[in-house]
Each structure stands twice: as C-alpha cells, then as structure tokens.
Amino acid sequence: KNQVEQSPQSLIILEGKNCTLQCNYTVSPFSNLRWYKQDTGRGPVSLTIMTFSENTKSNGRYTATLDADTKQSSLHITASQLSDSASYICVVSLGDDYKLSFGAGTTVTVRA
Amino acid sequence: NAGVTQTPKFRVLKTGQSMTLLCAQDMNHEYMYWYRQDPGMGLRLIHYSVGEGTTAKGEVPDGYNVSRLKKQNFLLGLESAAPSQTSVYFCASSYEPGQTHALNTEAFFGQGTRLTVV
C-alpha cells in the first residue's frame, strides 16, 4: 500500500482560478515533505521542501502547507496559468535514510 | 551546467535483450538514484548509491543491476529485458558535500528514458 496518497487524481480549472491539491501520508519517521511539478514528458522539478518543523512554504504562486500532527499537506496554486498544466507529486523523505516515497500525483489541466 | 542527463531518451527492446541506461550529473552530488514510473503509480526506487563505488537496492531491484564507478555516472543495466520492464526510467541526484543536511537537500531529476520491451 502506498504510504503517500494524493487527491484528487485529476482536476480541470479555468485560467486565473485557484486550486488546492491534497496529500496524506503514513510514512514514519518523517524528515521532510516535498512537492514536485512534472510536465508531460519531463522529469519532476522541485517546488517546495518542508521539514517537519515548518508548516508553510511558498514558491511564487505555489504555497504548500504541512500539518505533521495529522500527516496532511496541501499545495495551493493561485491565479492559475496555462503553464501550470502538469502533474503535481507529493514526496515524503524517510527519516533515517535517503529514500523518497512518492505519491501517484494529481494531474492539473488549466484551460483558457 | 547541464544538471542530470540521461541517455538514451527512447529505446525499444525485444524480450531477452540487454541494455544499459546511462545517467550523468555535473553537480558533484554524492547520491544518485534510479526510479521507474508507471501509469497511476508513484515513482518507485530501483537502486541507489550514496557515493562512488557504492550501490544499494531500492524498492523494486529485481531484474536490474547498477554500477557507480565514477562519482558523476550511475549506470542501470537490464540483463534480460521482460515486458514488465516497460516503463519510464528516471535518474536523480542529490546532496553536494558541505550542505547542511543530506536528508533535506533537493533532488534533481533527468528528463527520463522511455523503454518499451516487446
């Protein structure tokens, strides 16, 4: 069973609108949580990295939140653009080694 | 500074054939990883290396071998390809010595290799 679950699986939004993606994880111990953006046919690119002591981090129009008590994270995209169309992947770093546990991703499609 | 470069980008193999995927990074990173990405699933770790001359098994190592003879290169080998190995393969690297904490450093990914085994 995957230790990182993302929802929704996919969503479609209109250009200019906001959206929020969810990530629930069961990985323990926990070192950090990352959000990656993966364009079609490309490798993932890091958006944010949060350690267990951080509860929010922003990167431009992307804002990630983390609740380590409930083991939930969200990624909020503000004023979406066509270039935001991609898969967004939640990744949890295990506490005592260098392995990453990946969610299956949320596919976001932004339409004009 | 090219980052992480994978070759080839695409390949079609017949069942039973062998091949090697090459990953090269120019960021002086200690750690390198090979993942496979299948539809509807998160990336899964095949093998990884925490330094030159070292390798370790990941989540799905069967049918694959790796080598890290040089710090900048990490090779993934398929000795006898099977249709179940049809996937997109990603290499990644992380942790330049001197950074504050290896566990919290960013991982950089290559552009992927799409492999089809028929």
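See the structure shown above.
Residues numbered from 1 in each chain as written. Chains lettered and ligands numbered in written order. Predicted model: local features only at pLDDT ≥ 70, side-chain atom pairs only at ≥ 80, totals over all residues. Heavy atoms only, no water.

> What is the right way to read the packing of aromatic side chains from this model?
Note on aromatic pairs: each is described by the distance of the centres and the angle between the planes. Applying the stated criterion across every chain, the model contains 8 aromatic pairs over all chains. Seen from their ring centres, Phe102 of chain A and Tyr35 of chain B are 5.0 Å apart, and the 75° between their planes marks the pair as edge-to-face. Of this pair, Phe102 of chain A sits in strand β10 (residues 100-102) while Tyr35 of chain B sits in strand β4 (residues 31-37), placing the two residues on different chains. Tyr35 of chain B shares its class with Phe102 of chain A; the two are buried. On the basis of an interplanar angle of 85° and a centroid distance of 6.2 Å, the ring pair of Phe102 of chain A and Phe109 of chain B is categorised as edge-to-face. With Phe102 of chain A in strand β10 and Phe109 of chain B in strand β10 (residues 107-109), this residue pair bridges two chains. Each member of the pair Phe102 of chain A and Phe109 of chain B is classed as buried. The rings of Tyr36 and Phe102 of chain A together with Tyr33, Tyr35 and Phe109 of chain B are connected pair by pair, giving a single aromatic cluster. Residue placement shows Arg61 of chain A over the ring face of Tyr62 of chain A; its charged tip is 5.7 Å from the ring centre. (Phe/Tyr/Trp six-rings, centres within 6.5 Å; stacked < 30°, edge-to-face > 60°. Helix = DSSP H or I, 4+ residues; strand = E, 2+ residues; numbered from the N terminus. Buried < 20%, exposed > 50% of the residue type's maximum accessible area, 1.4 Å probe, protein only. Lys NZ or Arg CZ within 6 Å of the ring centre and 35° of its normal.)

> So what exactly am I meant to see when it comes to the state of the cysteines here?
Note: disulfide means a covalent bond formed between the sulfur atoms of two cysteine side chains. Within the structure shown, the criterion is met by 2 disulfides over all chains. Here Cys23 of chain A pairs with Cys90 of chain A through a disulfide, and the sulfurs are 2.0 Å apart. Residues Cys23 of chain A and Cys90 of chain A share a disulfide whose torsion about the S-S bond is about -70°; that sign makes it left-handed. One end of the pair, Cys23 of chain A, is in strand β3 (residues 19-25); the other, Cys90 of chain A, is in strand β9 (residues 86-94), with 67 residues separating them in the sequence. Assigned by exposure class, Cys23 of chain A and Cys90 of chain A land together as buried. Across the disulfide from Cys23 of chain B sits Cys91 of chain B; the S-S distance is 1.9 Å. Taking the sign of the torsion about the S-S bond as the criterion, the disulfide between Cys23 of chain B and Cys91 of chain B, at about -75°, is left-handed. In this pair, Cys23 of chain B sits in strand β3 (residues 19-25) while Cys91 of chain B sits in strand β9 (residues 87-94), placing the two residues 68 residues apart along the sequence. We classify Cys23 of chain B as buried; its relative accessible area is 0%. (Disulfide = S-S within 2.5 Å.)

> What is the right way to look at the sheet that holds β3 of chain B in this model?
Strand-to-strand pairing in sheets goes through backbone hydrogen bonds, with the strands running parallel or antiparallel. Residues and elements named next belong to chain B. An order of β1-β3-β8-β7 is seen for the 4 strands of this open sheet, with the pairing classed as antiparallel. Where the open sheet ends on each side, the last strands, each with one partner, are β1 (4-7) and β7 (64-67). Neighbour-to-neighbour, the strand axes of the sheet open up by a mean angle of 20°, direction not taken into account. Sheet analysis places β7 next to strand β8 (residues 73-78), joined by 4 bridges and oriented antiparallel. Residue pairing across strands places Asn65 opposite Gly77, the latter belonging to β8. (Pairing = 2+ DSSP bridges. Axes fitted to C-alpha atoms, helices over the stretch in contact; angles between N-to-C directions.)

> Whenever I open this one, unusual backbone geometry confuses me. Can you help?
Note: most peptide bonds trans; most residues except glycine with negative phi. In this structure, the amide linkage connecting Ser7 of chain A to the following residue, Pro8 of chain A, adopts the cis form with an omega of -10°. For the bond running from Thr7 of chain B to Pro8 of chain B, omega is -5°, close enough to zero to count as cis. Its location among the elements puts Pro8 of chain B in the loop between β1 and β2 (10-13). We note that Lys71 of chain A has phi near 55°; this positive angle belongs to a residue other than glycine. Tracing the backbone through its elements, the reader meets Lys71 of chain A in the loop between β7 (62-67) and β8 (72-77).

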